Amino acid sequence: MSTTERQAKIRIVLVNTAHPGNIGGAARAMKNMGLAELYLVQPREYPAPRAIWRAAGARDVLANAKIVESVDEAIAGCGLVVGTSARERRIPWPLINPRECGERIWQEADTHEVALLFGREDRGLTNDELHKCHYHVHIPSNPEYSSLNLATAVQVLSYEIRMASLADAEGNLPSLQEWDQPPVAADDLENFHVHLAETMADLKFYDPENPKQLLTRMRRLFNRQRMDKMEVSILRGVLSAVQRLINK
Ligand code: SAH
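Each chain carries its own residue numbering, running from 1 in the direction its sequence is written. pLDDT decides what is reported in this predicted model: residues at 70 or higher carry local features, side-chain atom pairs at 80 or more are listed and counted, and totals for whole chains, interfaces and linings draw on all residues regardless. Hydrogens are left out, water is left out, and the side-chain values use all remaining heavy atoms of the structure.

## Here we look at the packing of aromatic side chains
(1) Moving on: Note on aromatic contacts: the rings of Phe and Tyr and the six-membered ring of Trp form a pair at centre separations within 6.5 Å, being stacked when their planes are under 30 degrees apart, edge-to-face when over 60 apart, and tilted otherwise. Inspection of the entire model under this criterion finds one aromatic pair.
(2) Moving on: Judged by centre distance (5.0 Å) and plane angle (85°), the ring pair of Phe192 and Phe222 falls under edge-to-face. Pair noted here: Phe192 is in helix α9 (residues 186–202) and Phe222 is in helix α10 (residues 214–225), with a separation of 30 residues, a long-range link. Helix and strand labels come from DSSP, where a helix needs a run of H or I of at least four residues and a strand needs a run of E of at least two; each type is numbered from the N terminus.

The structure is reproduced here in structure tokens:
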């Protein structure tokens, strides 16, 4: 696969961005590093002239940006989803550093679509959004002032993807182990979790009124496993069989 085709598999997703200047700045950062697929989930003020000014020579990236209603829509079809976080969260999640993030994204984009999620300027990503991710990445900034400007964070992580692509071109990046099945896509994984929750409720194993952290823990378990498409379809078959038995 050519470098351009692989770059086209990498989605930069900005969630609910408040300042259009950051959208333009992110577009520029991406184009400088050879990326082009920008997804905007419910941008608060867009389109906007300030986005175009800040994009400078990357107006084409803005013009091709996909504006969507939800994170689910933005990551549909992706076999790898990575979420950015400016700080530690309550439930620990598999964490990678920016370098590993660049390498992993570049390696996986050889075979499937990948997404890198960026949060709101004031609140970052919600826990629900972070729990849709396989990994979290944190730029190891000054703990006393850890939050980077949104477009700057896009710059740093796009640069790491760039470095991984250059290492790859020189034969210095190992490719991933071959697998017989594609990884499950984010939308199929989401449907699996809905089905799992429904079945556990049917079994009275959990009370939807009082979910505690069960569903989050199930998400973390299965995300860590990096299931393939076939494995998920087998598990869904098992859930359906259980449901048929209980509801008989
Ligand atoms: N107060 C917010 C900060 C959000 S900064 C919070 O505590 O989450 C806006 C976005 O920029 C973040 O959601 C993330 O996508 C990115 N970002 C900022 N600093 C970062 C860091 N140190 N590591 C990774 N992403 C960062």
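## Here's the deal with the side chain of Arg11
(1) Moving on: With respect to the secondary-structure elements, Arg11 resides in strand β1 (residues 10–15).
(2) Moving on: Relative accessible area decides the class of each residue, using a 1.4 Å probe on protein chains only: under 20% of the type maximum gives buried, over 50% gives exposed, and in between gives partly exposed. With relative accessibility at 9%, the residue Arg11 sits in the buried group.
(3) Moving on: Within polar-contact distance, the side chain of Arg11 engages the backbone oxygen of Ala74 at 2.6 Å. We define a polar contact as two N or O atoms separated by no more than 3.5 Å, with the added condition that, inside protein, one atom must be a possible hydrogen donor and the other a possible acceptor, whereas residues neighbouring each other in sequence contribute only through side-chain atom pairs.

## Side note on the site of the ligand
(1) Moving on: Working definition: residue near molecule or strand if any one of its non-hydrogen atoms lies within 4 Å of it. As a structural note, the neighbourhood of the ligand is formed by 21 residues, with Thr84, Arg87, Gly119, Ile139 and Leu148 the closest of them.
(2) Moving on: Within the side chain of Ser141, an N or O atom sits 3.3 Å from a nitrogen atom of the ligand.
(3) Moving on: Looking at the shell around the ligand residue by residue, the classes come out as seven nonpolar, eight polar and six charged. All residues other than Ala, Val, Leu, Ile, Met, Phe, Trp, Tyr, Cys, Pro, Asp, Glu, Lys and Arg, Gly among them, are scored as polar; the first ten of these are nonpolar and the last four charged.

## Thoughts on the pairing of strand β2 (residues 37–41)
(1) Moving on: Where burial is concerned, most of β2 is hidden: five out of the five residues are buried.
(2) Moving on: As judged from the five bridges shared by β1 and β2, these two strands associate in the parallel manner. Its bridge partner lying in β2, Val15 is registered against Val41.
(3) Moving on: Note on handedness: a crossover is taken as right-handed if, strands pointing away from the viewer, the path from the first strand over the helix to the second is clockwise. At this point the chain moves from β1, through helix α2 (residues 20–32), to the parallel β2, and the crossover so formed is right-handed.
(4) Moving on: As paired elements, β2 and strand β3 (residues 66–68) share three bridges and run parallel to each other. Each residue of the ladder has a partner; that of Leu40, found in β3, is Ile67. Two strands qualify as a pair provided that DSSP identifies no fewer than 2 bridges between them.

## Looking at a nonpolar patch on the surface
(1) Moving on: Taken together, the side chains of Leu203, Phe205, Leu245 and Ile246 define a hydrophobic patch exposed on the protein surface, amounting to about 430 Å² of accessible area.
(2) Moving on: Tracing the backbone shows Leu203 in the loop between α9 and α10. Patch membership is restricted to residues that have no salt bridge and whose relative accessible area is over 30%. Joining uses 9 Å for like charges and 5 Å for the nonpolar side chains Val, Leu, Ile, Met, Phe, Trp and Tyr. Per-residue and other accessible areas follow the Shrake-Rupley method at a 1.4 Å probe size, with only the shown protein chains counted as cover for residues. Salt-bridge detection follows one rule: a side-chain nitrogen of Lys or Arg within 4 Å of a carboxyl oxygen of Asp or Glu.

## Points about the nonpolar core
(1) Moving on: What makes a nonpolar core is a set of buried Ala, Val, Leu, Ile, Met, Phe, Trp, Tyr and Cys residues whose side-chain atoms join them at distances within 4.5 Å. Formed by 37 residues in total, the largest nonpolar core has its most connected members in Ile12, Leu14, Leu38, Val82, Ile105, Leu116 and Phe118.
(2) Moving on: Per-element tally for this core: the top contributor is helix α8 (residues 150–169), with six residues.
(3) Moving on: Dropping the residues within four chain positions of it, Ile12 is found in contact with Met30, Leu35, Glu37, Leu38, Tyr39, Leu116, Phe118 and Val154. Contacts are residue-level and defined by heavy atoms, with any inter-residue pair within 4.5 Å sufficient.

## Some thoughts on α8
(1) Moving on: By definition here, a helix of n residues has an expected span of 1.5 Å times n minus one. Here α8 contains 20 residues, and its C-alpha end-to-end distance of 29 Å stays within 8% of the 28 Å for a straight helix at 1.5 Å per residue.
(2) Moving on: Among the residues of α8, those classed as buried are Leu150, Ala151, Ala153, Val154, Leu157, Ser158, Glu160, Ile161, Ala164 and Ser165.
(3) Moving on: Just beyond α8, the residue with positive phi is Gly171, at close to 75°.

## Side note on the pattern of salt bridges
(1) Moving on: Taken as a whole, this structure holds 15 salt bridges when the rule is applied.
(2) Moving on: Between Arg11 and Glu113 there is a salt bridge; the shortest N-O distance is 3.3 Å. Here Arg11, found in strand β1, pairs with Glu113, found in strand β6 (residues 113–118); they are 102 residues apart in sequence, far enough to count as distant.
(3) Moving on: Looking at Glu113, the relative accessible area reads 25%, which means it is partly exposed.
(4) Moving on: Bridged by salt links that share partners, the residues Asp72, Lys132, Glu190 and Arg219 form one connected network.

## A short note on the sheet that holds β1
(1) Moving on: Overall, parallel pairing links the seven strands, which are arranged β3-β2-β1-β6-β4-β7-β5 in an open sheet. Each edge of the sheet is formed by a strand with only one pairing partner; in this case those strands are β3 and β5 (95–96).
(2) Moving on: Direction of pairing for strand β4 (residues 78–84) relative to β6: parallel, over a ladder of five bridges. Residue pairing in the sheet places Val81 in a bridge with Ala115 of β6.
(3) Moving on: Across the face of the sheet, helix α6 (residues 98–108) comes into contact with β1, β4, β5, β6 and β7 (135–137) while running at roughly 165° to β4.
(4) Moving on: Strands in contact with α8 are β1, β4, β6 and β7; relative to β6, the strand with the most contacts, it is inclined by about 150°. Orientation is described by axes fitted as lines to C-alpha atoms, over the contacting stretch for helices, and by angles from 0 to 180 degrees between their N-to-C directions.

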